[in-house]
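So you can see what is in the structure, the chains are spelled out below.
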Amino acid sequence: MGFKCGIVGLPNVGKSTLFNALTETQAAQAANYPFCTIEPNVGQVAVPDARLDKLAAIAGSQKIIPTQLAFVDIAGLVRGASKGEGLGNQFLGNIREVDAIVHVLRCFENDDIQHVDNRVDPIADAETVETELMLSDLESLEKRVPAFQKKATGGDKESKIAAAVLGRALDLLREGKPARLVEPNDEEEARIFAQAQLLTSKPVLYVCNVEEESAAEGNAYSARVFEKAKAEGAQAVIVSAAIEADLVGMDEGERTEFLEAMGLHETGLARVIRAGYELLHLITFFTVGPKEARAWTVHKGACAPEAAGEIHSDFQKGFIRAETIAYDDFVTLGGEARAREAGKLRAEGKGYVVQDGDVMHFLHS
């Protein structure tokens, strides 16, 4: 499953440079002028996970297949996007299709790269984008909520729920707050709220694009962004798009040496993925055998049949049980056979909640 992150931000903050580096492609044309990204570019990247390599080595797997993460590079936004300015309608439409928003903020000074507002202020940049998203949601709900309220007075049960939960979202937007602050009271409210596809209901990851010298510790600009993220319950990471671009084409040894020289222990991609997983409450489980070792992604709290469904829908429909070994037990004992002998292979039923790192084999009709 993985998840789909839309990379957004004002023009010339480093979105396309970061996209190219993260996906190790040149699919997006990185250039020093607005709107060089006209169509959203989608890049699939492998999620790095050292556990998968270790499992494959123990099982002697011929192939290693990591789970995938999709990045969508979305055209730069300008003020008035909610009214169709610039590439507004296209920008807003593309955001609706992603699971989370990766908001790239310029946290570096460089006179050679023009800022759309001729200043470096990541907080103001974030507010510009957020305002356009809120205005779009506000316009949408000011039409929809009265319609639901009218139907609710006629006794329509679903409209009554929609009027309640979306009404609370409308109140927040009128106060200048994003819809993601809404807390649904039950599963029905949560379902209807999700179906509304509000732009400001999506979780946000702020990516502070800093100069190379600040890649390890950040700078004054990124510190302000981290404060903003903490106050909102959002996530933030520090990335130097310039460094990520330099890493493209290097082999593993060269990357490690280069990162150490910069005072870094991992790539920006790894930091973005970890923050994204936490943001979307995702976990990884594995299937391991002599042919392949493979990583799969499910939401935290998913039960065994749902995990089986990630492999094939028929596995979920005909689920019987899941043979499960905890990652640590698999590694410590040296594989499935010894884990089984030690009583560490468990037969789990439909109600089993999948744990991060589980090694699973599904039996189905």
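Cut-offs and rules
- Residues numbered from 1 in each chain as written.
- Predicted model: local features only at pLDDT ≥ 70, side-chain atom pairs only at ≥ 80, totals over all residues.
- Heavy atoms only, no water.
- Axes fitted to C-alpha atoms, helices over the stretch in contact; angles between N-to-C directions.
- Helix = DSSP H or I, 4+ residues; strand = E, 2+ residues; numbered from the N terminus.
- Parallel < 35°, antiparallel > 145°, perpendicular 65-115°, else oblique.
- Left-handed = near helix turned anticlockwise from the far one by under 90°.
- Contact = heavy atoms within 4.5 Å.
- Salt bridge = Lys/Arg side-chain N within 4 Å of Asp/Glu carboxyl O.
- Buried < 20%, exposed > 50% of the residue type's maximum accessible area, 1.4 Å probe, protein only.
- Expected span 1.5 Å × (residues − 1).
- Polar contact = N/O pair within 3.5 Å; in protein donor to acceptor, adjacent residues only side chain to side chain.
- pLDDT = per-residue confidence, 0-100.
- Core = buried A, V, L, I, M, F, W, Y, C linked by side-chain atoms within 4.5 Å.
- Nonpolar A, V, L, I, M, F, W, Y, C, P; charged D, E, K, R; others polar.
- Patch = residues over 30% accessible without salt bridge, like charges linked within 9 Å, V, L, I, M, F, W, Y side chains within 5 Å.
- Areas by Shrake-Rupley, 256 points an atom, 1.4 Å probe, with all protein chains shown as cover.
- Lys, Arg positive; Asp, Glu negative; His and termini not counted.
- Charge placed at Lys NZ, Arg CZ, Asp CG, Glu CD.
- 1 Å grid on protein atoms, 1.4 Å probe; cavity = no way out; pocket = protein on both sides within 12 Å on 5 of 7 lines; lining within 4 Å.
- Points joined across faces, edges and corners; volume = space filled by probe spheres on them.
- Pairing = 2+ DSSP bridges.

Q: Describe the packing of helix H5 (residues 157-174) against helix H6 (residues 187-195), listing the residues and the values that go with them.
A: Packed helices, taken two at a time, are described by their axes: the angle between them and the distance between them. Two numbers describe how H5 lies on H6: the axes approach to 9 Å, and their chain directions differ by 70°. Taken together, the axis directions place H5 and H6 in an arrangement best described as roughly perpendicular. Crossing handedness for the pair H5 and H6: right-handed. Along the contact surface, H5 presents Glu 158, Ile 161, Ala 162, Ala 164, Val 165, Leu 166, Arg 168 and Ala 169, while H6 presents Glu 188, Glu 189, Arg 191, Ile 192 and Phe 193.

Q: I'd like a description of the pattern of salt bridges, backed by residues and values.
A: Taken as a whole, this structure holds 18 salt bridges when the rule is applied. In this structure, Glu 266 engages Arg 274 in a salt bridge whose closest nitrogen and oxygen atoms are separated by 2.8 Å. Under the relative-accessibility criterion, Arg 274 is labelled partly exposed at 48%.

Q: If you had to explain H5 to someone new, which residues and values would you point to?
A: The first and last C-alpha atoms of H5 sit 26 Å apart over 18 residues, in line with the 26 Å expected at 1.5 Å per residue. Within the span of H5, buried status applies to Ser 159, Ile 161, Ala 162, Ala 163, Val 165, Leu 166, Gly 167, Ala 169, Leu 170, Leu 172 and Leu 173. Contacts made by the buried residues of H5 are with helix H4 (122-153) and H6. The backbone nitrogen of Glu 158 has a side-chain oxygen 3.5 Å away, supplied by the residue at the start of H5, namely Asp 156. Looking one or two residues beyond H5, the residue adopting positive phi is Gly 176, at roughly 80°.

Q: So, the confidence of the model for the chain: which residues are in play, and what are the values?
A: Taken residue by residue, the chain gives an average pLDDT of 86. The fraction at 70 or more is 88%. Throughout residues 26-38 the model reports pLDDT below 50, and contacts reaching past four residues in sequence, or to other chains, amount to 37 contacts.

Q: Requested: an account of helix H10 (residues 268-280), with residues and values cited.
A: The terminal C-alpha atoms of H10 lie 18 Å apart, and with 13 residues this matches the ideal 18 Å at 1.5 Å per residue to within 8%. Gly 268, Leu 269, Ala 270, Arg 271, Val 272, Ile 273, Ala 275, Gly 276, Tyr 277, Leu 279 and Leu 280 are the residues of H10 that are buried. The N-terminus of H10 is capped by Thr 267, whose side-chain oxygen sits 3.2 Å from the backbone nitrogen of Ala 270. His 281 sits one or two positions beyond H10 and adopts a positive phi of about 55°.

Q: Give me the nonpolar core: which residues, what numbers.
A: Of all hydrophobic cores here, the largest spans 52 residues; its most connected members are Leu 69, Phe 71, Leu 205, Tyr 206 and Val 207. Sort the elements by how many residues they give to this core and H10 lands first, with seven residues. Setting aside chain neighbours within four positions, we find Tyr 206 in contact with His 103, Leu 105, Ala 126, Arg 180, Val 225, Lys 228, Ala 229, Glu 232, Ala 234, Gln 235, Ala 236 and Val 237. Judged by nonpolar contacts, the second largest core, of 18 residues, contains Val 145, Ile 161, Ala 179 and Phe 193.

Q: So, the environment of Pro 11: which residues are in play, and what are the values?
A: Examined against the element boundaries, Pro 11 turns out to sit in the loop between strand S1 (4-8) and helix H1 (15-23). Spatially, the C-alpha atoms of Pro 11 and Arg 106 are 9.9 Å apart, while their sequence positions differ by 95 residues.

Q: Pulling in residues and values, what's your account of the packing of H4 against helix H7 (residues 220-232)?
A: Relative to each other, H4 and H7 sit at 45°, their axes nearing to 9 Å. Overall, the two elements H4 and H7 adopt an arrangement that is oblique. Together, Pro 122, Ile 123, Ala 126 and Glu 127 of H4 and Tyr 221, Arg 224, Val 225 and Lys 228 of H7 make up the contact between the two elements. Residues belonging to the contact of H4 with H7 are distributed by class as follows: five nonpolar, no polar and three charged.

Q: Hey, could you go over a negative patch on the surface for me, with residue numbers and the actual values?
A: Taken together, the side chains of Asp 251, Glu 252, Glu 254, Glu 257 and Glu 260 present a region of like negative charge at the surface. The topology assignment puts Glu 252 in helix H9 (residues 252-261).

Q: Run through empty space enclosed by the protein, naming residues and quoting values.
A: A complete count under the given rule lists two cavities of 30 Å³ or more for this structure. Space inside the largest cavity adds up to approximately 60 Å³. As for the largest cavity, its lining consists of Ile 101, His 103, Ala 126, Val 129, Glu 130, Leu 133, Arg 180, Val 204 and Tyr 206. Counting only elements with at least two residues in the lining of the largest cavity, the list comes to strand S5 (100-106), H4 and strand S6 (204-209). Here the lining of the largest cavity gets four residues from one element, more than from any other, and that element is H4. When grouped by side-chain class, the residues that make up the lining of the largest cavity number six nonpolar, one polar and two charged. Approximately 30 Å³ is the volume attributed to the second largest cavity.

Q: Lay out the sheet that holds strand S4 (residues 68-73) in plain terms, naming residues and giving numbers.
A: Strand order in this open sheet of six strands is S2-S4-S1-S5-S6-S7, and the pairing throughout is mixed. Two strands close off the open sheet at either side, each with one partner strand: strand S2 (41-46) and strand S7 (235-239). Shown here is a sheet whose adjacent strand axes are inclined to one another by a mean of 25°, direction ignored. Across five bridges, the pairing between S6 and S7 is parallel. When the bridges of S7 are listed, Cys 208 appears paired with Ile 238. Of the strands in this sheet, S5, S6 and S7 are in contact with H7, which crosses S6 at around 175°.

Q: Got a sec to walk through unusual backbone geometry? Specific residues and values, please.
A: Despite not being glycine, Gln 197 shows a phi value in the positive range, around 50°. Its place among the elements puts Gln 197 in the loop between H6 and S6. Although it is not a glycine, His 281 sits at a positive phi angle of roughly 55°. Its relative accessible area of 49% is what places His 281 among the partly exposed residues.

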